[in-house]
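Topology and contacts: notes
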Amino acid sequence: MKDRQYFSLYGPEVSFTRPSPDSYWERAVQKKVDREIADVVVSRYASSPPIVTWWLNYYLSYLNFTRGTTDISNTTFMKILQSEFLSQDKYAQFMLDIRFSEDNSIVEATRFFVQTSHIAGATLEKDMMVEFRDIADKHGLVPYQPLFVFYDHYLAVLSNTLQNIGIALGVMLVIALLIIPHPWCAVLVVLTTVSIFVGVIGLMSFWDVDLDFITMITLIMCIGFSVDFSAHITYAFTVSRSKKRDDRSVDALYQLGYPTVQGALSTILAVVPLSFVGSYTFRSFFKTIFLVMVLSLFHGFVVFPVVLSVVGVRGKSEAGQKQHDKELDVTEGSVFVSYETGSKYQIVKRMRDRRSPGVSEDDSDDFTSIVYV
């Protein structure tokens, strides 16, 4: 992170390997390599002016300075290269860039380096790698940078994230259909979770959180956090005895609002210490979970109750309520829930009401004594 903060102008140095033997003493081969280098340095990811480390340029300058010409034979070219040029301290570094044949008669493989610039962020790193690979494929080169092993996962992280989140949402839908009484409400839970994650991924870009395998794993893990709010609110909405959607939403928030806020705040407080750690991994973990919890709370207390009030399932009709009351078990000791208020009552005594002298015991009405519990 400090490197990007203070030295963001220059990116990593990328090597390009020429894996086939070639006659580097011939002028035609030298021009061919120059064209290859020119195609690389015109990339918008190469430094400007170009910074290229290529041993042949230094060697030709050395020949001009010591011999006055570069037009020499194969044998002389290889002899001076190995016995004079590479034996000097200031050119010894190029020994790592040249692979000679077993008899030292030809260069079997070699490489040159190109300095990159303005490579700040995962997206630019990925794009630079892809563009350099395209250029290298055109000329039969092999680009390499030790960081490419990390850049490679940027190519797959988006598709893998969407695939894994899709699978997790599918599994969550199946579970929601099993535990939430109404299927439509289970679908609303999944749609709310999708909305939460669209918001989280969007806000991640504003908070300098890249989509990588760290955040991908955190996002998949956070599906469990995000579904908690909407699933509990939905279940309370579904089992509410109120008839109007608005009243059912109020009942759900009244019953589960406080414990839901407690759960969210406790989760946020648990990850707050990670925000003070200098590691990118811990900071990304904190930022992702924080965004998920905040957006989940917002959806659970603002968006989702409104959605349920508009398109949620309706309560029982008046006829349905009467049928419910008719079928209500009023045996002594039983417990039932008031359809209007949601309060629990228990039957404590059951007796016959003989209000009319002419009414037989079979025709008499039942009178039930109940208490609030």
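Read on for an overview of the structure.

Reading the values: rules and limits
Residues numbered from 1 in each chain as written. Predicted model: local features only at pLDDT ≥ 70, side-chain atom pairs only at ≥ 80, totals over all residues. Heavy atoms only, no water. Helix = DSSP H or I, 4+ residues; strand = E, 2+ residues; numbered from the N terminus. Pairing = 2+ DSSP bridges. Phe/Tyr/Trp six-rings, centres within 6.5 Å; stacked < 30°, edge-to-face > 60°. Buried < 20%, exposed > 50% of the residue type's maximum accessible area, 1.4 Å probe, protein only. Axes fitted to C-alpha atoms, helices over the stretch in contact; angles between N-to-C directions. Parallel < 35°, antiparallel > 145°, perpendicular 65-115°, else oblique. Left-handed = near helix turned anticlockwise from the far one by under 90°. Contact = heavy atoms within 4.5 Å. Nonpolar A, V, L, I, M, F, W, Y, C, P; charged D, E, K, R; others polar. Core = buried A, V, L, I, M, F, W, Y, C linked by side-chain atoms within 4.5 Å. Patch = residues over 30% accessible without salt bridge, like charges linked within 9 Å, V, L, I, M, F, W, Y side chains within 5 Å. Areas by Shrake-Rupley, 256 points an atom, 1.4 Å probe, with all protein chains shown as cover. Salt bridge = Lys/Arg side-chain N within 4 Å of Asp/Glu carboxyl O.

Describing unusual backbone geometry
Here the amide bond leading from S48 into P49 is cis, since omega sits at 0 degrees, within 30 degrees of zero. Tracing the backbone shows P49 in the loop between helix 2 (27–41) and strand 2 (52–53). With phi around 60 degrees, N104 is a residue other than glycine that occupies positive phi space. Backbone geometry at H118 places phi at a positive 55 degrees, although glycine is not the residue there. Tracing the chain through its elements places H118 in the loop between strand 4 (107–117) and helix 5 (122–139).

Comments concerning the pairing of strand 1 (residues 10–18)
Sheet topology places strand 1 next to strand 4; 7 bridges connect them, and they run antiparallel. Paired with V14 across the two strands is V114, which belongs to strand 4. Here strand 1 runs beside strand 5 (residues 142–144); their pairing, made up of 3 bridges, is antiparallel. When the bridges of strand 5 are listed, F16 appears paired with P143.

Describing the packing of aromatic side chains
Evaluation of the coordinates by the stated rule reveals 20 aromatic pairs. Arranged with centres 6.3 Å apart and planes meeting at 65 degrees, the rings of Y24 and W54 form a pair that is edge-to-face. With Y24 in the loop between strand 1 and helix 2 and W54 in the loop between strand 2 and helix 3 (55–66), the pair connects residues that are 30 residues apart, well separated along the chain. Taking relative accessible area as the criterion, Y24 reaches 1% and is therefore assigned buried. Judged by its relative accessible area of 1%, W54 is buried.

Focus: the packing of helix 6 (residues 148–179) against helix 8 (residues 213–239)
Across the interface, helix 6 lies against helix 8 with an axial gap of 10 Å and an inter-helix angle of 25 degrees. Taken together, the axis directions place helix 6 and helix 8 in an arrangement best described as roughly parallel. Between helix 6 and helix 8 lies a crossing whose hand is right-handed. Packed against helix 6, whose contacting residues are H153, V157, N160, T161, N164, I165, A168, M172 and I179, the element helix 8 presents F213, M216, L219, I220, I223, V227 and Y235 at the interface. Partitioned by chemical class, the residues of the contact of helix 6 with helix 8 number 12 nonpolar, 4 polar and no charged.

Let's talk about the nonpolar core
F16, W55, Y59, F77 and L81 are the most contacted members of the largest nonpolar core, which has 43 residues in total. Those elements that provide at least two residues to this core are strand 1, helix 2, helix 3, helix 4 (74–85), strand 3 (98–100), strand 4, helix 5 and helix 6. Not counting residues within four places of it along the chain, the set of residues in contact with Y59 comprises T76, F77, I80, L81 and F85. In this structure, A176, A252, V271 and F286 belong to the second largest nonpolar core, which totals 38 residues.

Describing a nonpolar patch on the surface
A grouping of I167, V171, V174, I175, L178 and I179 is seen on the molecular surface, where their side chains present a nonpolar patch of about 600 Å² in accessible area. Counting through the fold element by element, L178 comes out in helix 6. Relative accessible area serves as the criterion here: at 70%, L178 is assigned to the exposed category.

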